[in-house]
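Residues per chain are reported as follows:
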There are 2 protein chains.
Amino acid sequence: MRIRIGILGYGNLGKGVEKAVTQNEDQELKAVFTRRDPASVKPASGAAACSVEDLPKWKDEIDVLVLCGGSATDLPEQTPRYASLFNVVDSFDTHARIPEHFAAVDQATGDAGKIGVISCGWDPGMFSLSRIYAHSILPDGKDYTFWGRGVSQGHSDAIRRIEGVVDARQYTVPVEAAMQQVRSGANPELTTRQKHTRECFVVAEEGADLARIEKEIKEMPNYFADYDTSVEFISAEEMKANHSELPHGGVVMYSGRTGDKKHVIEYSLKLDSNPEFTGSVIAAVARAAYRMNKEGQTGARTMFDIAPKYLSPQTDEWLRAHYL
Amino acid sequence: MRIRIGILGYGNLGKGVEKAVTQNEDQELKAVFTRRDPASVKPASGAAACSVEDLPKWKDEIDVLVLCGGSATDLPEQTPRYASLFNVVDSFDTHARIPEHFAAVDQATGDAGKIGVISCGWDPGMFSLSRIYAHSILPDGKDYTFWGRGVSQGHSDAIRRIEGVVDARQYTVPVEAAMQQVRSGANPELTTRQKHTRECFVVAEEGADLARIEKEIKEMPNYFADYDTSVEFISAEEMKANHSELPHGGVVMYSGRTGDKKHVIEYSLKLDSNPEFTGSVIAAVARAAYRMNKEGQTGARTMFDIAPKYLSPQTDEWLRAHYL
């Protein structure tokens, strides 16, 4: 029997999870749930679109519910709520609030006999795993994370909120010289500005004050003020032709030592589609959640708590024969 | 209380494990065990050197015994034998014999209530983890492992067995063009010869037939015949000055797809010392073995079975706050 998956939220991430689940032979997408009018949602895989209100009725039809909402307001409410009905997986990424989110999910899942894996994807997620493995192996060392080149949806959204902006796409770009310094084993102290630059492509309203928009972007606190930022105004046509995709990636570098010997570890991702790769990680974690719960495990988890074998559809014997 | 570690076998790997254990604040090296005369062994850390015959007496003094012998004859005998007395970790790397080794260790540890983790290090080990994570996330894809540039001790030994050879060092070198092809997402089919070349540095006896030695190396089946191999004869002084270290490393590349989107994952290591990095992985696994056994787990394991959190000395809360 295949693992029955439900998806709540059908944005970029929900679509990425859908694509991953349909690619996994041991999984089956039962339905997509939405807060919109279900009639307006047409899942690409042909799966049913249902109202979020109907979710409780699916209690015995879904093994793992994947929550594809945002970390700001959706997940803090949704993950604990549905953890009382389903095994759940989310990609919660508001770092400062992870302890309280973990605690809420732990309580809900524990009471219901379910498992809930939070903060899955590639960062948090695969990049977090790179950090824990490297630090555990080489305690005398330092990790560096570089993101990009890739589209930051949060930064793109921030630009779109500026008056006179019709559309925007922001690329986070790692500074090559900084990466080379780390690769050399120099263990540098790097400022925010030394690690990344930000490239913005903006479609402005006709007649908008471009100088003012550019200034507002470059001076925006938290998002841009601490970075070297470039702003280029383009047409709506150019935006559509050249900036419709959501590529991303990055690298976790770790520079460590055993006495006088240096060791450099790198884990890098080069992704054509950020949401499709993130969705693929989540689909593998959904498999692990299902299997761990079947074994009697309940409560909140992160990818740190998952033995790699649970992520794979293969048997332990097969894994030892082929991947070890 | 610190985790009490014992080391059996004090060659390059044993010394690497010793260095790692003394670098880990939660671990303590109780003693090094040897088949040689213990009086002739002086551990660099100042730990006691004892005869392998005394090991059973240390049953209650050692939490995890690390087996640092060779895979050909030492480990198949030693790991199961000592698994009846201690939690054990080894770096068994004879791929074809892993199923029987796993079964033997599983039986011995199971009977004794101990845990035994086999095939730890970087390949098998960290590279194996890269493969299982990548395949689990992106089932439609292919992995490629490139080794080097680094010293292969097995190939160096093979050259030393040739008549007229005093000393030898063999470097495995990945072919840059092949790596670039994989990085591009082209999913090429690569032959052995296309992936690696082999560079040999040889000290010959005075008056030895160098042409014959070079021919014997290049035509040696399994080791060199399938590769483009270069042979350079050097002096003993040059060998000592330029080839005394044991650097190694490599990269696991994975090229996968979600529909028409390509994703490339790379995990790379650049190590000043192969045995010291391998020893560091093993020390982290020894921590995991100890903790998993404390929780009641027994039997044989590989790194596929270990949730990453067990490798770290930090608490779950700390890990979520700092590495997630």
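In this text the structure is predicted, and so the values were computed from the model without any measurement.

Draft legend 1. Spatial organisation of the overall build of chain A. In terms of regular secondary structure, chain A is built from eleven helices and 14 strands. Rg of the C-alpha trace for chain A: 21 Å, near the compact-globule value of 20 Å for 324 residues, within the 12% margin. With the C-alpha coordinates of chain A rotated into their principal frame, the extents come out at 60 × 55 × 35 Å. In chain A, buried positions account for 58% of the 324 residues. Here the analysis covers contacts within chain A between residues at least 6 apart in sequence; of these, 68% occur between residues at least 24 apart. Accessible surface computed for chain A: about 13300 Å², of which carbon and sulfur atoms make up 46%.

Draft legend 2. A look at the relation of the copies chain A and chain B. By a simple turn and slide, chain A fits onto chain B: the slide is 0.0 Å along the axis, the RMSD is 0.0 Å, and the turn is 180°. Seen this way, the second copy is the image of the first under a two-fold rotation axis. By C-alpha distance to the rotation axis, the residue of chain A lying nearest is Ala307(A), at 1.9 Å.

Draft legend 3. Seen up close, the pattern of salt bridges. Residues and elements named next belong to chain A. Within this structure, the stated rule accounts for 48 salt bridges over all chains. As a salt-bridge pair, Lys57 and Asp54 come within 3.2 Å of each other at their nearest N and O atoms. According to the relative accessible area criterion, Asp54 is partly exposed, its value standing at 25%.

Draft legend 4. Spatial organisation of the confidence of the model for chain A. In this model, chain A carries an average pLDDT of 97, and 100% of its residues clear a pLDDT of 70 or more. Confidence metrics for the complex model read pTM 0.97 and ipTM 0.97.

Draft legend 5. Representation of the interface of chain A and chain B within the structure. Contact with chain A, which involves 62 residues of that partner, is made by 61 residues of chain B. The residue Asp305(B) makes a salt bridge to Lys309(A) at a minimum N-O spacing of 3.8 Å. Between the two partners, chain A and chain B, sit 26 residue pairs in polar contact (both at pLDDT 80 or more). Looking at the side of chain A that touches chain B, the elements that each hand over two or more residues are α1 (12-23), α3 (98-112), α4 (126-137), β12 (248-258), β13 (261-271), α10 (274-294) and α11 (316-322) of chain A.

Draft legend 6. Spatial organisation of the sheet that holds strand β2 (residues 27-34) of chain B. Residue and element names in this part refer to chain B. In space, the seven strands of this open sheet follow the order β3-β2-β1-β4-β5-β6-β14, with parallel pairing throughout. Both outer strands of the open sheet, β3 (48-51) and β14 (299-301), are each paired with one neighbouring strand and no more. Across the sheet, the axes of successive neighbouring strands diverge by a mean angle of 25°, strand direction being ignored. Relative to strand β6 (residues 115-117), strand β5 (residues 87-90) runs parallel, the two being bridged by two bridges.

Draft legend 7. Expanded view of the sheet that holds strand β1 (residues 3-8) of chain A. Residues and elements named next belong to chain A. With respect to topology, seven strands assemble into an open sheet ordered β3-β2-β1-β4-β5-β6-β14, the strand pairing being parallel. What marks the edges here is a single partner per strand, and that holds for β3 (48-51) and β14 (299-301). The mean angle between the axes of side-by-side strands here comes to 25°, regardless of whether they run parallel or antiparallel.

Draft legend 8. Representation of the nonpolar core. Within the largest apolar cluster, 153 residues are counted, with the highest numbers of intra-cluster contacts made by Tyr82(A) and Tyr82(B). Not counting residues within four places of it along the chain, the set of residues in contact with Tyr82(A) comprises Leu8(A), Val52(A), Leu55(A), Leu65(A), Leu67(A) and Val88(A).

Draft legend 9. Just the pairing of strand β11 (residues 228-233) of chain B, in detail. Residues and elements named next belong to chain B. Two strands pair when backbone bridges link them, and strand β10 (residues 196-204) and β11 are joined in this way by six bridges, in the parallel orientation. Across the sheet, the residue bridging to Cys200 is Val231, located in β11. Between the parallel elements β10 and β11, the chain passes through helix α8 (residues 210-218) in a crossover that is right-handed.

Draft legend 10. Region of interest: the packing of aromatic side chains. Inspection of the entire model under this criterion finds eleven aromatic pairs over all chains. Between Phe127(B) and Tyr267(B), the ring centres sit 6.1 Å apart and the planes meet at 85°, which makes this aromatic pair edge-to-face. Here Phe127(B) is found in helix α4 (residues 126-137), whereas its partner Tyr267(B) is found in strand β13 (residues 261-271), with 140 residues between them in sequence. Measuring from centroid to centroid gives 5.7 Å for Tyr171(B) and Phe201(B), while their planes differ by 85°, and the two rings are edge-to-face. You can see Tyr171(B) sitting in strand β9 (residues 165-174) and its partner Phe201(B) sitting in strand β10, a full 30 residues away along the chain. By relative accessible area, Tyr171(B) is classed as buried at 5%. Here a set of aromatic residues connected by ring pairs shows up, and it is made of Trp122(A), Phe127(A) and Tyr267(A).

Draft legend 11. Quick look at α1(A). Residue and element names in this part refer to chain A. Here α1 spans 17 Å end to end across twelve residues, near enough to the 16 Å set by a 1.5 Å rise per residue. Within α1, the full set of buried residues consists of Leu13, Gly14, Gly16, Val17, Glu18, Ala20 and Val21. Buried residues along α1 sit in contact with β1, β2 (27-34), β4 (64-67) and α10.

Draft legend 12. Spatial organisation of unusual backbone geometry. For the bond from Asp123(A) to Pro124(A), the omega torsion is 5°, close enough to zero to count as cis. With respect to the helices and strands, the residue Pro124(A) is situated in the loop between β6 (115-117) and α4. Across the junction of Gly148(B) and Arg149(B), the peptide omega takes the value 0°, indicating a cis bond. The phi torsion at Ser119(A) lies on the positive side, around 60°, for a residue other than glycine. At Asn187(B), a residue that is not glycine, the phi angle is positive and equals roughly 50°. Turning to its location among the elements, Asn187(B) is positioned in the loop between α6 (176-183) and α7 (192-195).

Draft legend 13. Local environment of the pairing of β10(B). Two strands pair when backbone bridges link them, and β9(B) and β10(B) are joined in this way by nine bridges, in the antiparallel orientation. The residue of β10(B) that forms the bridge with Pro174(B) is His196(B).

Draft legend 14. The arrangement of the side chain of Glu18(A) in detail. Relative to the helices and strands, Glu18(A) is located in helix α1. In this structure, Glu18(A) is buried with no salt-bridge partner, the nearest side chain bearing the opposite charge being Lys15(A) at 7.6 Å.

Draft legend 15. Local environment of the side chain of Asp63(A). As for its placement among the helices and strands, Asp63(A) is situated in the loop between β3 and β4. Every residue in contact with Asp63(A), bar those within four places of it in the chain, is listed here: Arg2(A), Ile3(A), Arg4(A), Asn87(A) and Tyr290(A).

Draft legend 16. Highlighting α10(A). Residue and element names in this part refer to chain A. Its 21 residues place the ends of α10 30 Å apart at the C-alpha level, agreeing with the 30 Å of an ideal helix rising 1.5 Å per residue. By the criterion of burial, α10 is predominantly enclosed, with 19 of the 21 residues buried. The N-terminus of α10 is capped by Ser273, whose side-chain oxygen sits 3.1 Å from the backbone nitrogen of Glu276. At the exit of α10 stands Gly296, carrying a positive phi of roughly 105°.

Draft legend 17. Spatial organisation of the environment of Glu245(A). In this structure, Glu245(A) sits in the loop between α9 (236-242) and β12. A relative accessible area of 43% places Glu245(A) in the partly exposed class. The sequence separation of Glu245(A) and Asp272(A) amounts to 27 residues, and the corresponding C-alpha distance is 7.8 Å. Apart from residues lying up to four places away in sequence, Glu245(A) is in contact with Val151(A) and Lys261(B). A distance of 3.4 Å separates the side chain of Glu245(A) from the side chain of Lys261(B), its partner in a polar contact.

What counts as what
- Residues numbered from 1 in each chain as written.
- Chains lettered and ligands numbered in written order.
- Predicted model: local features only at pLDDT ≥ 70, side-chain atom pairs only at ≥ 80, totals over all residues.
- Heavy atoms only, no water.
- Helix = DSSP H or I, 4+ residues; strand = E, 2+ residues; numbered from the N terminus.
- Rg over C-alpha atoms; globule rule 2.2 N^0.38 Å.
- Buried < 20%, exposed > 50% of the residue type's maximum accessible area, 1.4 Å probe, protein only.
- Contact = heavy atoms within 4.5 Å.
- Areas by Shrake-Rupley, 256 points an atom, 1.4 Å probe, with all protein chains shown as cover.
- Least-squares fit on C-alpha atoms with pLDDT ≥ 70 in both.
- Salt bridge = Lys/Arg side-chain N within 4 Å of Asp/Glu carboxyl O.
- pLDDT = per-residue confidence, 0-100.
- Polar contact = N/O pair within 3.5 Å; in protein donor to acceptor, adjacent residues only side chain to side chain.
- Pairing = 2+ DSSP bridges.
- Axes fitted to C-alpha atoms, helices over the stretch in contact; angles between N-to-C directions.
- Core = buried A, V, L, I, M, F, W, Y, C linked by side-chain atoms within 4.5 Å.
- Right-handed = clockwise from strand over helix to strand, strands pointing away.
- Phe/Tyr/Trp six-rings, centres within 6.5 Å; stacked < 30°, edge-to-face > 60°.
- Expected span 1.5 Å × (residues − 1).
- Lys, Arg positive; Asp, Glu negative; His and termini not counted.

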